[in-house]
Amino acid sequence: MVEKVGAVLVVGGGIAGMQASLDLADSGYKVYLLDKSPNIGGAMAQLDKTFPTNDCAMCIMAPKLVETGRHRNIELLTGASLEAVQGSPGNFLVTIKKTARKVDETRCTGCGMCTHFCPVEVPDEYNMGLVTRKAIYVKYPQAVPAVVSIDLEHCIGCGICEGQCEAEAIVYDQEEQMMDIEVGSIVVAPGFNLFDLARKPQYGYGVYPNVLSSLELERMLSATGPHAGMVLRPSDGELPRNMAFIQCVGSRDKQTGNTYCSSVCCMFSIKEAIIAKEHTPGLEAHIFFMDMRAYGKEFDEYYSRAEEEHGVKFTRGNRISMVEEDPVTHNLFITYVDGAELKVEEFDIVVLSVGTEAPVDTDKLRQVLGIDLNTHSFCETSIFDPLSTTKPGIYVCGAFSSPKDIPDSVAQASGAAALASSHISTERNKLVEIREFPPEKDISGEDSKIGVFICHCGINIGGVVDVPAVVEYAKTLPNVTYAEDNLYTCSQDTQSKIVETIKEHDLNRVIVASCTPRTHAPLFMNTIRDAGLNPYLFEMANIREHCSWVHSKEPEKATQKAKDLVRMAVAKAALLEPIPPIKISIGKSALIIGGGITGMTAALGIADQGFDAYLVEKKDELGGITRRIHFALTGEDVQARMNELIDKVKSNERVHVYTGAKIKDIEGFVGSFITTLEHEGEEKQIRHGVVLVATGGAELKPDEYLYGKDPRVVTQLEYEDMLANGGLKEDTKSVAMIQCVGSRNEERPYCSRICCTETIKNALKTKEMMPDANVYVFHRDMRTYGFREDYYLEAAEKGVVFVRYYPENPPKLTVNDGKLDLIAKDPFLDEEIVVNPDVVMLAVATLPNADNEELSTFLKIPLSKDKFFLEAHVKLRPVDFATEGVFLCGLAHSPKFVEECLAQASAAVSRATTILAQDELELEATKSFVVDEKCDGCAYCVDPCPYDAITLIEYMRDGTVKKTVDVDETACKGCGVCQATCPKDGIFVRGFTLGQINAMIEAALEVA
Amino acid sequence: MEEEEYEPLVIAFCCNWCSYAGADLAGVSRFQYPPNIRVIRTMCSGMVHPNLVMDALTKGADGVIICGCHIGDCHYLEGNVITEKRADAIELMLEDFGLEPERFRLEWISASEGDKFARVMNEMVEAVKALGPSPYKM
Ligand code: FES
């Protein structure tokens, strides 16, 4: 038997690699995170905004970057490559080469002084070569590790940096280093490569100055980009008046061999068009595309808003063949079709929506890891094992297995982490250091000594607010001992500086004036813990979201307001008291709601981690909607795989199955939930530490296209059933398939994501079974993203006829003389098409489970407006709820494919494991406390408490009975309804006492 | 007297889960509103004691607004239902204190309503500008 190792190697430090590392590290495994680049962060670090919420990419990513960089269980191996892998699952020996950074990572403080003096200018890859960097450099301002490196290709060895470096961190004779590490499993997340635009010379990229790649535009849009967020024409530095986006450059393209769809570029262009319009007064943006693939959660709404609210122009059905240039003005011309017409339009800038490819080192990865690649050189996976490579013990996530967006990559990353740890779960906590903070300093009796750290956030704050003036002002405020400004207060180097400063000035309260506490407070609270302060001796002033960003045209007033906000924070901080941590024990089991393939996979995953899984299904049998799926596009036998899964679930001793069970109630909170079930005529109670919601979805029964009135009209699943069970008549000559029935309309504005591909699957199956039958597909956009596109092509090649329709002019189905008449209008040929199908298949919407609403009240978890569940964060927390200890996966989240459901199921297991792996969980300490001297036991607060956390008690004091109230801290959630009800100042919420709030009010009313 | 227009000061209590997030979204979306607002974050709108509102108004705030989650969305089940009842009481108190009803407002603003946050703040500042400074202003 191999000796197992409780460590995992993660290859690639982009968002997927970071997420996998964090999950593993939080679950008790040692992680080696390898990145070939000198700093982690990957492609997401280059993004300005993310769709469909327009979140600032760096803002949401920075906390993860910092956490990864400072996590005790994660060892960063940057500038490193994988050289050899030996061994087997549970015990791999990995050889790694670390290039010479020529900088001592332990000494460099990331001050960046050297970069000012280095005389060598090199095109800056981070900014897509639009500006230069130096030969000694750090990749981007918030980079982790915050350490420079020397680019050996360009360094001239002048020695200036060495002379400038006060930390004596430059080591010219540093050599490349080989090292061996032992790990139990490997997660590969190397990301993707961008298509080389030189391979499409017809667009003039690199020749016509005003032709940009979408990544170049992205950098221009960024505040940290070449023109501080302004889009300027490269030819003359002028603001553009209009801009064209050409989609599918290097995607869906036989000529280059990249026949697949890159999955993200449609949404990417919509986002860029919106942001570019916001940044450029009067800009017109025009997107030319074949199909608009807005298939993700709330993507279609974003697409509509771009068109209706932002005025982005969309012209469908276009594969632009070339770009022409006027050599004098450098303006560009595009010829396109609009309906049946041919048009030419002139543009100031043309943006090429560049496709993605397998990473450059894909072949080396194949050799070293011994994994198989698919025909497009991406990592080979299958729909039932979407996160496994062909080599046992080696898992994959992110864009390496197929092009995908951030939330899908993050879900896969968590999922891969769960699989990677499942076969080394016996080794959990063996190789890690438990995160220890220095002992807490006793500050009782001390005067308040407040330190104030004010962030420029690049130019996000500093470009509007006069930050140095705010610093000077802060120094004059009572109790402030120290104040300084930082370029990025959240960066890793600033964290260590804050710790040093707290010690040096003996600070006992800290304020950060920067962005929103909702995302950044935890980071800073941990930082002050590292300096021995109780984390609640911290306060934030939000001078970005609530100041610089919303008063950007009034810099003086914004500066004044920033001072006021700092003054308010200082007033509150002076009154902050340490809050003792509350720890609760964790019940080592999970409740999984929903026994479809998602829920079953999750239950097995929980069991594999060594915990008990209670799987509850309301139907009498397991399997869910997958019972009705017979074929897979890629050929797998779906029913066989599902039955295998059911057998595994039933025979696993850690999985406890309750079919035909109804949930009556769920009480409690993370660590100790109690669920009441009605099962086999009895009520049962289950105790569990976490909940996984996998409630699945349903197929719409439409009330259009004669459905229910004519037996020849069927839904997609009914049609599949006919194909599988001989329900299709042998003399079937013609089948019509209508897309988007009940989706993308007013009632259900969302795209159901799977139906286009399911239609292709059914069309191919029909052609296979009845080669002579005609198959017509009436669609709005074919959304066969990723490698599914290859099957769309195959269908077209096999003679399936695709006809586009517009929602204002849908196909019409009538019965004439017993025959079905389907009439549609082809918008390109501008003529009517009439077919007489024997069968009409409706690609109907996927509906959320009808039980979602009830469950949402049991668990206090929110629903989206489409009545799917709403996750904690659409980009970076796709399977978490804001409520701790509750997770979601599968169709409960939104419509998705089997492989995506399974990835999310594993992801939910991984997220749950980060809790279940702990014996005790430290709770949010914001709770109510009673001031016994003031409380006279009037009990006004008892009833309004939404959690029944307050009880009236009596005790003997000085010989008399004293009435007072008592708070159950595990039930209290700190809402403060009690404190606002109390007429006697007898009960408060820690960190939000009336005194503290009053101090803020008074400070606000003082005029600086 | 100087001609300068009077700049009111409005205290906005925002619950952490919806309205504060809505205010953040207004920022992320760069929706502009006048710099006269001072947001105070509370965990729930139900945490805001009526005395805090009256104190603020009688100490010289020109307006106070409480923002919480929409009814049904409160992170703490029904904190905002209680807020709504208290708001009625506050309105009665305003009269006793000789304050115009427009100086106090209650609004439900969700985490996705950055535009609403900006609009409500614009309206609130306009409204108290029209009233002139608080009679309690020193
Ligand atoms: S949490 Fe928003 S009103 Fe209660």
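Residues numbered from 1 in each chain as written. Chains lettered and ligands numbered in written order. Predicted model: local features only at pLDDT ≥ 70, side-chain atom pairs only at ≥ 80, totals over all residues. Heavy atoms only, no water.

The helix and strand inventory of chain B stands at four helices and four strands. In chain B, the succession of helices and strands from N to C terminus is β-α-β-α-β-α-β-α. Against the 2.2 N^0.38 benchmark of 14 Å for 138 residues, chain B shows a C-alpha radius of gyration of 15 Å, consistent with a compact globule. Overall, the C-alpha framework of chain B stretches about 50 × 35 × 15 Å when taken along its three principal axes. Relative to its full complement of 138 residues, chain B shows a buried share of 58%. Relative to all contacts within chain B whose residues are 6 or more apart in sequence, the contacts with residues 24 or more apart total 82%. In the form shown here, chain B has an accessible surface area of approximately 5,500 Å², with 53% of it arising from carbon and sulfur atoms. Side-chain charges in chain B split into 12 positive and 22 negative, and the spacing between the mean points of these groups amounts to 6 Å. (Helix = DSSP H or I, 4+ residues; strand = E, 2+ residues; numbered from the N terminus. Rg over C-alpha atoms; globule rule 2.2 N^0.38 Å. Buried < 20%, exposed > 50% of the residue type's maximum accessible area, 1.4 Å probe, protein only. Contact = heavy atoms within 4.5 Å. Areas by Shrake-Rupley, 256 points an atom, 1.4 Å probe, with all protein chains shown as cover. Lys, Arg positive; Asp, Glu negative; His and termini not counted. Charge placed at Lys NZ, Arg CZ, Asp CG, Glu CD.)

As a further point, take helix α10 (residues 467-475) of chain A. All names here are of chain A. Among all positions of α10, only Val-467, Val-470, Val-471, Tyr-473 and Ala-474 are buried. The arc that holds the buried residues of α10, viewed along the axis, is 165 degrees, so those residues lie on one side. On the buried face of α10, the contacting elements are β25 (450-455), β26 (480-486) and α14 (555-573). (Arc of directions from axis to C-beta.)

Take the pairing of strand β1 (residues 7-11) of chain A next. Residues and elements named next belong to chain A. Within β1, five of the five residues are buried, which leaves the element mostly enclosed by the surrounding structure. A crossover connection joins β1 to the parallel strand β2 (residues 30-35) through helix α1 (residues 15-26); in handedness this β-α-β unit is right-handed. In terms of strand pairing, β1 meets strand β13 (residues 185-188) through four bridges, oriented parallel. Paired with Leu-9 across the two strands is Ile-186, which belongs to β13. (Right-handed = clockwise from strand over helix to strand, strands pointing away. Pairing = 2+ DSSP bridges.)

Residues and elements named next belong to chain A. For Gln-996, the position within the fold is in helix α23 (residues 994-1005). Judged by its relative accessible area of 4%, Gln-996 is buried. Polar side-chain contacts of Gln-996 include one of 3.1 Å to the backbone oxygen of Leu-575. Ignoring sequence-local partners within four residues, the contact set of Gln-996 consists of Lys-572, Leu-575, Leu-576, Glu-577 and Gly-991. (Polar contact = N/O pair within 3.5 Å; in protein donor to acceptor, adjacent residues only side chain to side chain.)

Residues and elements named next belong to chain A. The strand order across the open sheet formed by five strands is β32-β31-β30-β36-β47, and the pairing between neighbours is parallel. Two strands bound the open sheet, and with one partner strand each, they are β32 (655-658) and β47 (886-888). The sheet shows a mean angle of 20 degrees between the axes of neighbouring strands, taken without regard to direction. Relative to β47, strand β36 (residues 690-693) is paired through three bridges, and the arrangement is parallel. Note on β47: the bridge partner recorded for Leu-692 is Phe-887. Strands in contact with helix α20 (residues 852-859) are β30 (589-593), β36 and β47; relative to β36, the strand with the most contacts, it is inclined by about 160 degrees. Packing of helix α21 (residues 898-916) onto the sheet brings it into contact with β30, β36 and β47, and relative to β36 it is tilted by some 175 degrees. (Axes fitted to C-alpha atoms, helices over the stretch in contact; angles between N-to-C directions.)

Next up on the list: the pattern of salt bridges. Residues and elements named next belong to chain A. Counted by the stated rule, this structure contains 77 salt bridges over all chains. Its salt-bridge partner being Arg-252, residue Glu-789 comes within 2.8 Å of it at the nearest N-O pair. Highlighted residues: Glu-789 in helix α19 (residues 788-797) and Arg-252 in the loop between β16 (242-249) and α6 (265-279), separated in sequence by 537 residues. Accessibility classification places Glu-789 together with Arg-252 in one group, the buried group. Between Lys-765 and Glu-768 there is a salt bridge, and its shortest N-O distance comes to 3.6 Å. Residue Lys-765 and its partner Glu-768 are located together in helix α18 (residues 755-769), separated by three residues, close to a single helical turn. According to the relative accessible area criterion, Glu-768 is exposed, its value standing at 55%. Sharing partners across several salt bridges, the network here consists of Arg-252, Asp-291, Arg-293, Asp-300, Arg-316, Arg-744, Asp-781, Arg-783, Glu-789 and Arg-804. (Salt bridge = Lys/Arg side-chain N within 4 Å of Asp/Glu carboxyl O.)

Taken together, the contact pairs 45 residues of chain A with 45 residues of chain B. Buried area between chain A and chain B, both sides added, is near 3,900 Å², and the carbon and sulfur share of it is 63%. Counting across the chain A and chain B interface gives four salt bridges. With a closest N to O distance of 2.8 Å, Lys59(B) and Glu1002(A) form a salt bridge. For the side of chain A that touches chain B, the secondary-structure elements that each account for two or more residues are α12 (517-530), α13 (544-548), α14, α22 (977-981) and α23 of chain A. At eight residues, the largest contribution of residues to the side of chain A that touches chain B is made by α23(A). Class assignment for the residues of the side of chain A that touches chain B results in 20 nonpolar, 13 polar and 12 charged. (Buried area = accessible area lost by both parts, 1.4 Å probe. Nonpolar A, V, L, I, M, F, W, Y, C, P; charged D, E, K, R; others polar.)

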